[in-house]
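Working through the structure, step by step
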Amino acid sequence: MPTDSVQSHLSGLIDVVDGQPRLLGSRCGSCGTETFPVQSSCPRCSSEDVEPVELATRGTVWTWTVQRFAPKPPFRAPKVFEPFALGYVDLGTVRVEARLAGKPVEQWKIGDPVRLVVGALDEDDESGWQAFWFEADTDGQEGQVR
Amino acid sequence: MDVAIVGVGLHPFGRFPTPAQDMATTAIRAALTDTGVQWSDIDFAVGGSRDGGHADALVQDLGLTGTPFMNVYNGCATGGSALLSGANAIASGMADLVLVIGFDKHERGAFATNPAEYGIGEWFGEMGMMVTTQFFGMKIQRYLDQYDLDPRLLAELSAKALRNGARNPNAWRRHALSVDEIADAEMVNDPLTKYMFCSPSEGAASLVLASPAKARELRDDPVWLRAVEFRTRKYGTFEVFSPSLAVEGSPSATEFAAKAAFESAGVGPDDIDVAQVQDTEAGAELMHLAETGLCEHGQQSDLIMSGALEIDGRLPVNTDGGCIANGEPIGASGLRQVIECTLQLQGRADGRQVPDNPRTAFTQVYGAPGLSTCTVLTR
């Protein structure tokens with residue numbers, strides 16, 4: 001069921017517009033560079049004239065790998081660790097690192113289309129702790145807050 | 001740069017019951033003995049460690065002589081920063097005889113890193129992305145695709161590292177594995193299998209540096225540090241612990257540091273007789289071969305498959321087994337590379353000596369979050 005907000009640890013990273021998640025970044029007023037997440041100055045030209053920007057919600061996989069062992073803290077480890085795919089998603093103006101879901105981990109390919117999703121990564125986590133990830137875009141639908 | 005290496009000392013790399021600071025003093029005493037001097041002769045010292053404690057605390061064991069002793073830290077490239085600081089102490093005239101030390105003792109498994117230390121929110125680690133090994137997998141995955149290189153080259157490089165490590169009594173991994181055993185091993189972060197990674201380990205490495213006049217007093221075969229160049233990343237590179245990357249690309253920190261080192265030394269990549277490059281995993285060596293200028297991007301296949309990188313090849317690389325065979329005590333790792341080149345140039349690399357009296361050597365160390373130090377050494 002889509003919601004209209006995200007948990008506090010995602011505030012500043014994610015906004016919800018009409019039930020759809022948006023990643024929040026910064027855009028440099030001087031050179032146009034976009035970053036994720038928000039930062040107070042431009043890493044390219046050092047300008048402090050930056051403002052928040054909503055990033056694209058769809059993109060393509062620029063590179064990927066599979067995390068096959070459980071990371072150490074602060075990773076929120078589920079009771080049973082399952083390998084997960086992750087990669088950099090090319091959003092046109094910036095490439096964002098995120099976990100990838102929606103197909104078997106070893107089947108990802110560079111260039112695969114994906115869309116942004118926000119929701120609970122671990123169904124057994126009673127807090128319903130939210131994360132963002134990109135999922136395989138097979139039908140052209142918009143991403144969701146789950 | 002007119003700075004000489006007049007002595008080297010190592011505590012073997014691997015896993016030991018020994019406290020980190022005892023490994024450090026063992027390496028320092030070996031370097032002092034190799035130089036033929038006492039700790040009280042040293043007029044400046046510099047060192048670094050991530051998990052082994054403060055370098056300057058070693059004076060309690062070495063002797064409380066009042067010598068200035070500076071601590072440095074730059075991740076996996078800490079050894080490069082220690083060397084640069086020591087060399088500059090001599091080049092500036094501040095000191096004539098300098099001790100450099102790197103040591104470490106890490107817990108098992110991939111490093112646990114606090115995102116806040118890199119200016120990143122907790123969420124990045126909570127979601128499972130604060131992991132160095134993932135970055136290595138993603139970077140080489142992209143590189144192999146970009147240059148249409150065979151992933152099997154990664155297994156070839158690991159096999160070379162372990163072959164060389166088997167010939168080095170100070171290495172941790174001294175058991176050669178076949179290319180098939182490496183390629184078919186458990187996948188850790190695709191396309192990298194478990195035998196393609198180095199592991200955090202333990203050990204210590206120390207050098208004594210001297211001014212030219214002092215060097216001539218001490219030995220007739222000093223090795224000359226012709227260049228030490230250190231660069232951090234520019235906008236557009238692909239580095240570890242990056243929540244996002246730029247769409248526009250840039251040469252890496254290694255490319256700028258290597259170019260500066262060659263220019264400063266007045267030699268080119270074609271002049272190099274032996275090299276040590278950062279091989280945190282086999283993909284790093286593959287990319288660094290090109291980033292350093294030792295070959296063109298995409299041309300690694302010829303170099304690897306022709307045997308050119310072997311100890312008896314045209315361009316021997318990672319002759320002591322590199323990080324893959326030695327593991328990575330990150331304070332010591334960059335200094336291990338310089339020690340190996342020093343021994344090779346002096347003809348003292350027992351069991352793994354590069355033939356035909358190599359004259360010119362090169363080292364490159366890389367650390368998070370995107371920095372590199374390169375050196376050029378000559379006899």
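Refer to the structure presented above.
These lines cover the structure that appears in this document, whether it is placed above or below. Being a predicted model, the structure only gives us computed values, none of them experimental.

This part takes up the packing of aromatic side chains. Summed over all chains, the structure comprises 15 aromatic pairs over all chains. Geometrically, the ring pair formed by B:W39 and B:F69 is tilted, given 6.2 Å between the ring centres and 45° between the ring planes. With B:W39 in the loop between helix 1 (20-35) and strand 2 (44-48) and B:F69 in strand 3 (residues 69-71), the pair connects residues that are 30 residues apart, well separated along the chain. One exposure class covers both B:W39 and B:F69, and it is buried. Among the aromatic residues, ring-to-ring pairing joins A:W62, A:Y88, B:F135, B:F136 and B:F238 into one connected group. Above the plane of the ring of A:F84 lies A:R99, whose end atom (NZ or CZ) is 3.6 Å from the centre. Taking NZ or CZ as reference, B:R173 lies 3.8 Å from the ring centre of B:W172, over its face.

With that settled, the discussion passes to the nonpolar core. Counting residues in hydrophobic clusters, the biggest one holds 97 residues, and the most contacted among them are A:L23, A:L100, A:F132, A:F134, B:L286 and B:F362. Among the elements that line this core, the one with the most residues is helix 6 (residues 152-165) of chain B, at 7 residues. Ignoring any residue separated from it by four or fewer positions in sequence, one finds B:L286 in contact with B:I140, B:Y143, B:L144, B:L149, B:L153, B:L154, B:L157, B:Q300 and B:I304. Listed in part, the 35 residues of the second largest apolar core include B:V46, B:V100, B:L209 and B:V354.

Here the largest pocket is characterised by a volume of approximately 850 Å³. Lining the largest pocket are 40 residues, and of these B:A110, B:F197, B:C198, B:S199 and B:P200 sit closest to its centre. No other element matches helix 5 (residues 132-147) of chain B, which puts 4 residues into the lining of the largest pocket. Residues of the lining of the largest pocket, tallied by class, amount to 22 nonpolar, 10 polar and 8 charged. There is about 650 Å³ of room inside the second largest pocket. If you trace the second largest pocket, you find 27 residues lining it, with A:Q39, A:P43, B:R233, B:S242 and B:S244 closest to the centre. Those elements that place two or more of their residues in the lining of the second largest pocket are strand 3 (34-35) of chain A together with strand 9 (244-245) of chain B. Considered class by class, the residues forming the lining of the second largest pocket number 15 nonpolar, 8 polar and 4 charged.

On to the sheet that holds strand 8 (residues 223-232) of chain B. Residue and element names in this part refer to chain B. Taken together, 9 strands build an open sheet; the order of strands is 3-2-4-7-1-8-12-11-10 and the sheet is mixed. Each edge of the sheet is formed by a strand with only one pairing partner; in this case those strands are strand 3 and strand 10 (274-277). Each adjacent strand pair in this sheet contributes to an overall mean axis angle of 20°, direction not counted. Across 4 bridges, strand 10 lies against strand 11 (residues 360-367) in parallel orientation. Within the sheet, the bridge partner assigned to A275 lies in strand 11 and is F362. Here helix 1 sits on the sheet in contact with strand 1 (3-14), strand 4 (97-105) and strand 7 (202-210), set at roughly 145° to strand 1.

Right, let's talk about the side chain of A:T57 for a bit. Residue and element names in this part refer to chain A. Tracing the backbone shows T57 in the loop between strand 4 (50-54) and strand 5 (58-67). By relative accessible area, T57 is classed as buried at 12%. Side chain to side chain, T57 and E142 meet in a polar contact 3.4 Å long. Setting aside residues no more than four positions away along its own chain, T57 makes contact with P21, R22, V114, R115, L116, F134 and E142.

Basis of the calculations
- Residues numbered from 1 in each chain as written.
- Chains lettered and ligands numbered in written order.
- Predicted model: local features only at pLDDT ≥ 70, side-chain atom pairs only at ≥ 80, totals over all residues.
- Heavy atoms only, no water.
- Phe/Tyr/Trp six-rings, centres within 6.5 Å; stacked < 30°, edge-to-face > 60°.
- Helix = DSSP H or I, 4+ residues; strand = E, 2+ residues; numbered from the N terminus.
- Buried < 20%, exposed > 50% of the residue type's maximum accessible area, 1.4 Å probe, protein only.
- Lys NZ or Arg CZ within 6 Å of the ring centre and 35° of its normal.
- Core = buried A, V, L, I, M, F, W, Y, C linked by side-chain atoms within 4.5 Å.
- Contact = heavy atoms within 4.5 Å.
- 1 Å grid on protein atoms, 1.4 Å probe; cavity = no way out; pocket = protein on both sides within 12 Å on 5 of 7 lines; lining within 4 Å.
- Points joined across faces, edges and corners; volume = space filled by probe spheres on them.
- Nonpolar A, V, L, I, M, F, W, Y, C, P; charged D, E, K, R; others polar.
- Pairing = 2+ DSSP bridges.
- Axes fitted to C-alpha atoms, helices over the stretch in contact; angles between N-to-C directions.
- Polar contact = N/O pair within 3.5 Å; in protein donor to acceptor, adjacent residues only side chain to side chain.

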